[in-house]
Amino acid sequence: MSGHMIGISMQLAWRNLWRNHRRTFIMLGAISIGAWAMIFLTALSQGMVTDMVENGLRVLPGHVQVHHPDYRDDPTVANLVPIPDSDLEQRFSAADIAVWSTRVKVPAVIMSERETRGVTLLGIDPEREKPFTFIDLEATDGRFLEGPDDRGLIIGRKLAEELETELGKRVVIMSQDLDNEVADRGFRVVGVFRAERSAHEETFALLGKQTAQDFLGIDDRVSEAVAFGDDFRDVTAVRNAVDAAVVDNSGAVVNDWPELDRYLGTTLAAMDGFVLIWVIVIFLALSFGLVNTLMMAVFERVREIGVMLALGVKPASILWQIVIESMLLLVLGLAIGNALAWASVQPIQDGIDISIVAEGMDMMGASSRLVPDLRLQDVVLANGVVLFLGFLASIVPAWRASRYEPVEAITKVD
């Protein structure tokens, strides 16, 4: 079709769309609500998944990690990174990596005067951990670690309750040193932290990194190095930077977070697939109304279509006029639905308090505050799929309209 004919078809399609205002408004309402539901509920679902992944990445894998080849199977002091900590810090500082840290992370036992619990002992540099820590620093009772040589101990609120201990009390940490001997030492609890997930509060005990190295007798060695990029969905750049900085004859291995935590990686991939399925399911419900609306519009204009065909209008022009009418209806409905979804997300940008189901959310790895994640690619996907499927759905009534015989259409009796 020429540009002139397309312009005429657009004008006719727009006028035909408003011949029956009631039917058009009903269909617009259905499309708008469907588009709103697709985008708004997708934003909530993406927000929950994003929260789960980010919580997991702050505590466990990070975006990219460096380990001894055997550390993931046996996370003890026997499998430390085969590069000295000072050398790692020089390499990471020279590389194009914005946020990184090195840690001592080993299994340990913590004992109070009343109870004993198994924990993961983290030796950290607090300044390097602050940009991505899972700990709510503002809600920490007492104080946080002041440096890698801080000799105080930080434990979670829930762990303190289980040990029946409190701020200022001494507890004993037991682990294993490089000589396979039991290493045990008393530490004073200088801080009790809170975290978004209660599981974190009972799992970790934090020391200064140098203090942990002295305690375990591992000198200038660490269990892992962690690097963070700008977006957990795309870690290629930071992975390449870490590879360039670390991989040599040392034997250290580099893994990104989907390799380290397959549950989180699978969850994210499943969510992306869910968005597409969700959009298709919603459209299938809308398609019945769309096809019915177009079929009724065609039936009402049978004689008019017959006259157009008798005057020499090509069947292809009739087909495209009906298709354009359908697309105009979809575009208008999607525009309204997109605006409604955006307006629904704006008031809750700071999150929705769902603490009433906090226990269930904690089991899933998410926090008790749901922050919607309205992503442009999800909006584009929803609109693109609806327009594409809408085009296919409009072909049936459009094809039927273009197949009328002029004489039969003109003489059709209502």
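Chains are numbered independently. Their residues run from 1 in the order of the written sequence. For this predicted model, a pLDDT threshold of at least 70 governs which residues receive local features, and a threshold of 80 or more governs which side-chain atom pairs are given and counted, while totals over whole chains, interfaces and linings are taken from all residues. Computation of side-chain values covers all heavy atoms of the structure but excludes hydrogens and water.

Engineer: Hey, could you run me through the overall build of the protein chain in this one?
Structural biologist: In this description a helix means any DSSP run of H or I spanning at least four residues, a strand means any run of E spanning at least two, and both kinds are numbered starting from the N terminus. Broken down by element type, the protein chain carries 15 helices and 12 strands. Pairs of residues are marked as contacts when any of their non-hydrogen atoms sit within 4.5 Å. Restricting the contact set of the protein chain to residue pairs at least 6 apart, pairs at least 24 apart contribute 78%. Exposure was quantified through the Shrake-Rupley algorithm and a 1.4 Å probe, taking into account, for residues, occlusion by the shown protein chains and nothing else. Put simply, the protein chain shows about 19,900 Å² of open surface, and 57% of that area lies on carbon and sulfur atoms.

Engineer: What is the right way to read the packing of helix α3 (residues 85–94) against helix α8 (residues 236–246) from this model?
Structural biologist: Fitting a line to C-alpha atoms yields each axis, with helices limited to the stretch in contact; the angle taken between N-to-C directions then spans 0 to 180 degrees. As a packed pair, α3 and α8 sit with axes 9 Å apart at the nearest point and diverge in direction by 135 degrees. As far as their axial angle goes, α8 and α3 are oblique. Helix-helix and strand crossings are classified by hand; for α3 and α8 the assignment is right-handed. The residues of α8 that touch α3, namely those facing Leu-88, Arg-91 and Phe-92, are Val-242, Ala-245 and Val-246. Think of it as three bins: nonpolar holds Ala, Val, Leu, Ile, Met, Phe, Trp, Tyr, Cys and Pro, charged holds Asp, Glu, Lys and Arg, and polar takes everything else, Gly as well. Split by residue class, the contact of α3 with α8 holds 5 nonpolar, no polar and 1 charged. The scheme is simple: roughly parallel for angles under 35 degrees, roughly antiparallel for over 145, roughly perpendicular for 65 to 115, oblique for anything else. Should the near helix be turned counterclockwise from the far one by less than a right angle, the crossing is left-handed, whereas a clockwise turn marks it as right-handed.

Engineer: Whenever I open this one, the packing of aromatic side chains confuses me. Can you help?
Structural biologist: A ring pair, where both rings are aromatic, is described by two values, the distance of the centres and the angle of the planes. Only the six-membered ring of Trp is used, alongside the rings of Phe and Tyr, when aromatic pairs are assigned; centres must lie within 6.5 Å, and planes under 30 degrees apart are stacked while those over 60 apart are edge-to-face, with the rest tilted. Under the definition given, this model contains 6 aromatic pairs. Seen from their ring centres, Phe-187 and Phe-215 are 5.6 Å apart, and the 90 degrees between their planes marks the pair as edge-to-face. Within this pair, whereas Phe-187 is found in strand β7 (residues 182–195), its partner Phe-215 is found in helix α7 (residues 209–216), the two being separated by 28 residues in sequence. Ring-over charges, as used throughout, are those where CZ of Arg or NZ of Lys falls within 6 Å of the ring centre and within 35 degrees of the ring normal. Directly above the aromatic system of Trp-100 lies the positively charged group of Arg-128, at a separation of 3.7 Å from the ring centroid.

Engineer: Explanation requested: the pattern of salt bridges in the structure shown.
Structural biologist: Pairing is possible between side chains of opposite charge, provided their charged atoms come close. Whenever a carboxyl oxygen of Asp or Glu lies within 4 Å of a side-chain nitrogen of Lys or Arg, that contact is scored as a salt bridge. As enumerated under the stated definition, the model contains 20 salt bridges in all. Across the salt bridge formed by Arg-103 and Glu-129, the nearest N and O atoms sit 3.0 Å from each other. Of this pair, Arg-103 sits in strand β2 (residues 99–111) while Glu-129 sits in helix α4 (residues 126–129), placing them 26 residues apart in sequence. Taken as a pair, Arg-103 and Glu-129 share a single burial class, namely buried. The shortest N-O distance in the salt bridge between Asp-243 and Arg-239 comes to 3.3 Å. Linking Asp-243 with Arg-239, this pair stays in helix α8, spanning 4 residues, or about one helical turn. Its relative accessible area of 23% is what places Asp-243 among the partly exposed residues. Connected via shared salt-bridge partners are Arg-103, Lys-105, Glu-129 and Glu-224. Think of it in three bands: residues with accessible area under 20% of the maximum for their type are buried, residues over 50% are exposed, and the middle band is partly exposed, with areas taken using a 1.4 Å probe on protein chains only.

Engineer: Would you mind going over the environment of Val-253 with me for this structure?
Structural biologist: Relative to the helices and strands, Val-253 resides in strand β10 (residues 253–256). The partly exposed category is assigned to Val-253, whose relative accessible area is 27%. Taking the C-alpha atoms as reference, Val-253 lies 5.8 Å from Pro-69; in sequence the two are 184 residues apart. Residues within four places of Val-253 in sequence aside, it is in contact with Gln-65, Val-66, His-67, His-68 and Pro-69.

Engineer: Looking at this structure, I do not really get the environment of Arg-188. What am I missing?
Structural biologist: Checked against the element boundaries, Arg-188 lands in strand β7. Overall, Arg-188 belongs to the partly exposed group, its relative accessible area being 40%. Considered as a pair, Arg-188 and Leu-153 are 35 residues apart in the sequence and their alpha carbons are 5.9 Å apart. A 3.5 Å cut-off defines polar contacts: any pair of N or O atoms within that distance qualifies, except that in protein one atom must be a possible hydrogen donor and the other a possible acceptor, and neighbouring residues in sequence count only when both atoms are side-chain atoms. Within the structure, the side chain of Arg-188 is placed 2.7 Å from the backbone oxygen of Gly-168, a separation counted as a polar contact.

Engineer: Would you mind going over the packing of helix α11 (residues 302–310) against helix α12 (residues 315–345) with me for this structure?
Structural biologist: Working note: a packed helix pair is described by the angle between its axes plus the distance between those axes. In the contact formed by α11 and α12, the axes pass within 9 Å of each other and the chain directions differ by 140 degrees. Crossing geometry of α11 relative to α12 is assigned as right-handed. Taking contact as the criterion, the partners of Ile-305, Met-308 and Leu-309 in α11 are, on α12, Pro-315, Ile-318 and Gln-321. Per-class residue counts for the contact of α11 with α12 are 5 nonpolar, 1 polar and no charged.

Engineer: What is the right way to look at the side chain of Arg-375 in this model?
Structural biologist: Checked against the element boundaries, Arg-375 lands in the loop between β12 (369–370) and α14 (376–402). Residue classification places Arg-375 among the buried residues on the basis of a relative accessible area of 13%. In contact with Arg-375, other than residues within four places in its own chain, are Gln-46, Arg-233 and Asp-272.

Engineer: Explain the nonpolar core here, please?
Structural biologist: For soluble globular proteins, the rule of thumb is that nonpolar side chains tend to be buried together. If you look at the biggest cluster of nonpolar residues, it comprises 54 residues, and the most contacted ones within it are Val-66, Phe-92, Ile-97, Ile-110, Leu-153, Val-242 and Val-246. Apart from the residues within four sequence positions on either side, Val-246 is in contact with Val-66, Ile-83, Leu-88, Arg-91, Phe-92, Ala-252 and Val-254. Nonpolar core, defined: a set of buried Ala, Val, Leu, Ile, Met, Phe, Trp, Tyr and Cys residues in which side-chain atoms within 4.5 Å join the residues together. The next biggest cluster of nonpolar side chains, apart from the first, holds 24 residues, and it includes Met-27, Ile-282, Leu-329 and Ala-341.

Engineer: In this structure, what is going on with a negative patch on the surface? I would like to understand it.
Structural biologist: Without a salt bridge and with relative accessible area above 30%, a residue can belong to a patch; like charges are then joined within 9 Å and nonpolar side chains (Val, Leu, Ile, Met, Phe, Trp, Tyr) within 5 Å. Positive charges come from Lys and Arg alone, negative charges from Asp and Glu alone, with His and the N- and C-terminal ends not counted. In plain terms, the charge of a residue is placed at NZ if it is Lys, CZ if Arg, CG if Asp and CD if Glu. Together, Glu-54, Asp-230, Asp-231 and Asp-234 line one region of the surface with negative charge. Along the chain, the position of Asp-230 falls in the loop between β9 (224–228) and α8. Owing to a relative accessible area of 86%, Asp-230 belongs among the exposed residues under this scheme.

Engineer: Hey, could you run me through unusual backbone geometry in this one?
Structural biologist: One non-glycine residue, Asn-180, adopts positive backbone phi at about 65 degrees. By secondary structure assignment, the location of Asn-180 is in the loop between β6 (170–176) and β7. Residue Asn-180 is classed as exposed on the basis of its relative accessible area of 57%. One non-glycine residue, Asp-219, lies in positive phi territory at about 50 degrees.

Engineer: What am I meant to see in the pairing of β6 here?
Structural biologist: One face of the sheet, then the other: side chains in a regular strand alternate in exactly this way. Where burial is concerned, the two faces of β6 differ: the one with Val-171, Ile-173 and Ser-175 is buried and the one with Arg-170, Val-172, Met-174 and Gln-176 is not. Sheet topology places β2 next to β6; 3 bridges connect them, and they run antiparallel. The partner of Ile-110 across the bridge, within β6, is Ile-173. One bridge is not enough; two strands pair if DSSP finds at least two bridges between them. The pairing of β6 with β7 spans 7 bridges and is classified as antiparallel. Following the sheet pairing, Ser-175 is matched in β7 by Ala-183. From the end of β6 to the start of β7, which pair antiparallel, there are 5 residues, and Asn-180 there has a positive phi angle of about 65 degrees.

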